[in-house]
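Residue strings, one per chain:
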Amino acid sequence: MSEPIVRFRSVSKTYDGVTEAVRGLDLDILPGEFLTLLGPSGSGKTTTLMMLAGFEPPSAGRILIEGRDMASVPPHRRDLGVVFQHFALFPHMSVAENVAFPLSVRGVPRALRARQVAEALSMVRLDGLGARRPAALSGGQQQRVALARALVFRPAIVLMDEPLGALDRQLREEMQSEIRALHDRLGITVIYVTHDQAEALTMSDRIAVFDHGRLLQLATPPVLYEEPGNAFVARFIGENNFLPVEVLGLAEGMARVRLQGGRELEAIPGESVRAGQPGWLAIRPERIAIAPVRAEDLSPAALPGRISETVYLGDSVRVRVTLADNVSAVVKRPIAAATAALAPGAEVAVAWEPEHAR
Ligand code: ADP
Ligand code: MG
């Protein structure tokens, strides 16, 4: 395994002596990976990037880039490209002048500059638009100029803080694949910030989930989705049902739990699950099997319920089922597996495999 290109070692940041924006962050980022910091607003993502870029000093801990402590290294000596959501282009400068800016700051000779600017504009598919003013470009083109400006001096690491937040959905999805393709082609390390879990899942090699300044889980998209370590991650990534349970016991990597209404089930225990305590059983809507049934011929593994709502979504149907004690669960079926029997009022049985319940 290669040495991390970036290391956060017990890094904390407190603003004004009160707001603990980042708490005890330990995070190793590997060269060439696309790593996303994901979390709700105020969870410390921007602060983490700002400390790495050198715009905010950590209150405690150390940040290393390629093994070097960054404590006394100013931003322009950190070899990082940055793209921010509102990192405005200079409106009075042409596109080419905007992209050339980091090169002039670094004292790159004029002749070389022109060639590198042309290469960077070509990289983001803006060839021939160098003479325009930013105002004469669409939102997506402006964001590509910002990208070209971050890439033009060929930094090893590029930081992006919600770079697509201002774009409409279709353009955002196009830019997501363009940014990912650029990352793959250039072999750079990208540290990307978003609050959009779908964006994080599609773009990233690994995702670091933040809440209240803490790193809660660091994993690949499939592991985060299928094996969330705690209730926050299970709730924040994708859709999940949460059924109230009592934990009866733990044995052989499984937890035995009791649902309201008395039914006992098995589930995979999360990080902080203890016997004798209340908890939540999380089960994804697409992992629940559902069949129309009469209560008297229910199999012992299935739970009886009644459909309260059916919503047609084009590619799938979402069925809300009321279980015992008014607990409800959402079931998602691909449209090809949906039947007319899944109508409101129908008596149904729902079931799932224990390894999908957490
Ligand atoms: P995110 O990018 O995840 O939305 P931030 O890192 O911007 O989160 O903010 C984390 C916390 O730090 C929030 O409570 C925010 O209000 C606070 N904060 C951020 N920047 C400053 C600042 N310059 N001064 C004081 N508090 C700040
Ligand atoms: Mg932010």
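Source: prediction; values computed, not measured. (Residues numbered from 1 in each chain as written. Chains lettered and ligands numbered in written order. Predicted model: local features only at pLDDT ≥ 70, side-chain atom pairs only at ≥ 80, totals over all residues. Heavy atoms only, no water.)

A. Fine view of the sheet that holds strand S11 (residues 241–251). Reading across from one edge, S13-S12-S11-S14 is the order of the 4 strands in this open sheet, with antiparallel pairing throughout. Looking at strand neighbours, the two that pair on one side only are strand S13 (264–267) and strand S14 (278–283), the edges of this open sheet. On average, each strand axis in the sheet is tilted by 50 degrees relative to the strand beside it, whichever way the strands run. Sheet topology note: the strand S12 (residues 254–259)/S13 ladder contains 4 bridges and is antiparallel. Across the sheet, Ala255 pairs through a bridge with Ala267, a residue of S13. (Pairing = 2+ DSSP bridges. Helix = DSSP H or I, 4+ residues; strand = E, 2+ residues; numbered from the N terminus. Axes fitted to C-alpha atoms, helices over the stretch in contact; angles between N-to-C directions.)

B. Structural view of the packing of helix H2 (residues 95–105) against helix H3 (residues 110–123). Two numbers describe how H2 lies on H3: the axes approach to 9 Å, and their chain directions differ by 120 degrees. Between H2 and H3, the angle falls in the class oblique. When you trace H2 past H3, the crossing you get is right-handed. In this structure, H2 uses Val95, Ala96, Val99, Ala100, Leu103 and Ser104 to contact H3, whose residues at the interface are Arg113, Gln116, Val117, Ala120 and Leu121. (Parallel < 35°, antiparallel > 145°, perpendicular 65-115°, else oblique. Left-handed = near helix turned anticlockwise from the far one by under 90°. Contact = heavy atoms within 4.5 Å.)

C. Fine view of the packing of aromatic side chains. Tallied over the full model, the rule gives 4 aromatic pairs. Plain terms: the ring middles of Phe34 and Tyr192 are 5.6 Å apart, the flat faces sit at 40 degrees to each other, and that makes the pair tilted. With Phe34 in strand S3 (residues 34–38) and Tyr192 in strand S8 (residues 189–194), the pair connects residues that are 158 residues apart, well separated along the chain. Accessibility assignment for this pair places Phe34 and Tyr192 in one class, buried. Aromatic pair Phe232 and Phe236: ring centres 5.5 Å apart, planes at 15 degrees, arrangement stacked. Of the two residues, Phe232 and Phe236 are both situated in helix H8 (residues 231–236); the distance of 4 residues between them amounts to about one turn of the helix. (Phe/Tyr/Trp six-rings, centres within 6.5 Å; stacked < 30°, edge-to-face > 60°. Buried < 20%, exposed > 50% of the residue type's maximum accessible area, 1.4 Å probe, protein only.)

D. Representation of the pairing of S3. When you tally the buried positions in S3, you get 5 out of 5 residues, the bulk of the element. Examined bridge by bridge, S3 and S8 share 5 bridges and lie parallel to one another. Counted as the bridge partner of Leu38 is Thr194 from S8. Note: S3 against strand S9 (residues 206–211), 4 bridges, orientation parallel. What sits directly across from Leu37, in S9, is Ala208.

E. A look at the site of ligand 1. Close contacts around ligand 1 come from Tyr15, Asp16, Thr19, Ala21, Pro40, Ser41, Gly42, Ser43, Gly44, Lys45, Thr46 and Thr47, and that covers them all. Gly44 places a main-chain nitrogen or oxygen 3.0 Å from an oxygen atom of ligand 1. One of the side-chain N or O atoms of Lys45 is found 2.8 Å from an oxygen atom in ligand 1. Taking 560 Å² as the accessible area of ligand 1 by itself, protein coverage stands at 62%. For the shell around ligand 1, the element with the highest residue contribution is helix H1 (residues 45–53), accounting for 3 residues. (Near = heavy atom within 4 Å. Polar contact = N/O pair within 3.5 Å; in protein donor to acceptor, adjacent residues only side chain to side chain. Areas by Shrake-Rupley, 256 points an atom, 1.4 Å probe, with all protein chains shown as cover.)

F. Up close: the pattern of salt bridges. Tallied over the full model, the rule gives 21 salt bridges. The residue Arg125 makes a salt bridge to Glu178 at a minimum N-O spacing of 2.3 Å. Of this pair, Arg125 sits in the loop between H3 and helix H4 (139–151) while Glu178 is found in helix H5 (residues 169–186), placing the two residues 53 residues apart along the sequence. Where salt bridges share partners, they join Glu246, Arg256, Arg258, Glu264 and Glu266 into one cluster. (Salt bridge = Lys/Arg side-chain N within 4 Å of Asp/Glu carboxyl O.)

G. Inspection of H4 at higher detail. With 13 residues, H4 should cover 18 Å at 1.5 Å per step; its first-to-last C-alpha distance of 19 Å lies within 8% of that length. Burial analysis of H4 places 10 of its 13 residues in the buried class, which makes it a mostly covered element. Along its buried surface, H4 packs onto strand S6 (80–84), H2, H3, strand S7 (157–161) and H5. (Expected span 1.5 Å × (residues − 1).)

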